[in-house]
Amino acid sequence: MHRSKYLYTFLKGRTRDLTEEWYKNIDKTKTAGVYASNDPKVIEALKDQNHEFHLHFIEVFNKGEVEFFEEFEPWIIKIASDIEHINTPIQYVIREFKNVRNQYFDYVNKFAELNTEVTRQERDAWFEIILKEFDEVILRFIEGTYKYSQNVLRAQQEMINELSAPVISLSNHQGLLPLIGDIDTSRAKMILEHTLKQCADRDIHHLFVDLSGVAMIDTMVAHQLFQLLKALKLIGVKTTLSGIRPEIAQTAVQLGLSFDGTMIKNSLAQALDHTK
């Protein structure tokens, strides 16, 4: 019922007008991000994105909903991961979606004024489909930005994890694991997993674990570190501990942890010097 080749043709010939009118009406003093930019390249890209939006959206009057969104989805995903839009507060992006939606209401009214045979029922049906599909586009855009941000966070977390347990390769199949900062249970588990993998990947036979940068660990973390030493021994990696603070040593003793088979040195310098 919402399909209309006449309305479709009317809008298709005015997509550039829609873009220029929309951009002209943006009040840069009351917005931010991509919409407030004065960079000619950013402005041109924004207009191109908006025009591409219109080329997709007018198809709602020409195609079925399934086909319509199959072709529209790539644009939505592209904008949801566009750095300029990501750096724009979401409320301003949604506001511009609504401003563009209002343009379509205006243009349907213009079309009806030029074509007096258009009934009120037809116009109401077009309004309804515009409102419905814009809501769906906005929802998919928000979902797209969420998925993109989650992917970025996961990538950042993986990088943080890698940096939190960096096994530094030394000469003669030796490696160094310098632990710095607070270690909670979650990080301790991650250190266990990453260290074993890195030692295996880098063919480390002897690993120096330096704790001089760790001020305090709780009983759960101490147990995890002890498990790391046991696991390293199982895969044939000798270990040397250095920089154990009195507080950490006391926790280990209270837990009854045994460091048999693990060489312990007061400092990293002593540990490294011992192997020469």
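Everything below is about the structure printed above this text.
Keep in mind it's a predicted model, so treat the numbers as computed, not measured.

Caption draft 1: Up close: the sheet that holds strand β1 (residues 168-169). Read across the open sheet, the 5 strands follow the order β1-β2-β3-β4-β5; overall the sheet is mixed. Among the strands making up the open sheet, the edge pair consists of β1 and β5 (263-265). Bridge count for strand β2 (residues 174-180) against strand β3 (residues 206-213) is 6 bridges, and the pairing is parallel. Within β3, the residue paired with L176 across the bridge is F208. Its contacts with the sheet place helix α8 (residues 185-201) against β2 and β3, and it is angled at close to 165° to β2.

Caption draft 2: How the structure looks around empty space enclosed by the protein. Taken as a whole and assessed by the stated rule, the structure comprises 1 cavity of 30 Å³ or more. There is about 160 Å³ of room inside the largest cavity. Taken together, 13 residues make up the lining of the largest cavity; nearest its centre are Y35, N50, W75, H85 and F97. Going through the elements one at a time, α3 (40-57), α4 (65-80) and α6 (90-114) are the ones with two or more residues in the lining of the largest cavity. By residue class, the composition of the lining of the largest cavity is 9 nonpolar, 3 polar and 1 charged.

Caption draft 3: Focus on a nonpolar patch on the surface. On the surface, I83, I86 and Y148 cluster together into a nonpolar patch covering about 250 Å² of accessible area. Mapping Y148 onto the fold places it in helix α7 (residues 120-164).

Caption draft 4: Layout of the packing of helix α2 (residues 15-24) against α6. Where α2 contacts α6, the two axes come as close as 11 Å, and the packing angle between them is 130°. Taken together, the axes of α2 and α6 lie oblique to each other. Between α2 and α6 the crossing geometry is right-handed. Each of D17, L18, E21 and W22 in α2 lies in contact with α6, whose residues at this interface are E96, V100, Q103, Y104 and Y107. In terms of residue class, the contact of α2 with α6 is made up of 5 nonpolar, 1 polar and 3 charged.

Reading the values: rules and limits
- Residues numbered from 1 in each chain as written.
- Predicted model: local features only at pLDDT ≥ 70, side-chain atom pairs only at ≥ 80, totals over all residues.
- Heavy atoms only, no water.
- Pairing = 2+ DSSP bridges.
- Helix = DSSP H or I, 4+ residues; strand = E, 2+ residues; numbered from the N terminus.
- Contact = heavy atoms within 4.5 Å.
- Axes fitted to C-alpha atoms, helices over the stretch in contact; angles between N-to-C directions.
- 1 Å grid on protein atoms, 1.4 Å probe; cavity = no way out; pocket = protein on both sides within 12 Å on 5 of 7 lines; lining within 4 Å.
- Points joined across faces, edges and corners; volume = space filled by probe spheres on them.
- Nonpolar A, V, L, I, M, F, W, Y, C, P; charged D, E, K, R; others polar.
- Patch = residues over 30% accessible without salt bridge, like charges linked within 9 Å, V, L, I, M, F, W, Y side chains within 5 Å.
- Areas by Shrake-Rupley, 256 points an atom, 1.4 Å probe, with all protein chains shown as cover.
- Salt bridge = Lys/Arg side-chain N within 4 Å of Asp/Glu carboxyl O.
- Parallel < 35°, antiparallel > 145°, perpendicular 65-115°, else oblique.
- Left-handed = near helix turned anticlockwise from the far one by under 90°.

That's the geometry; what it means functionally is another story.
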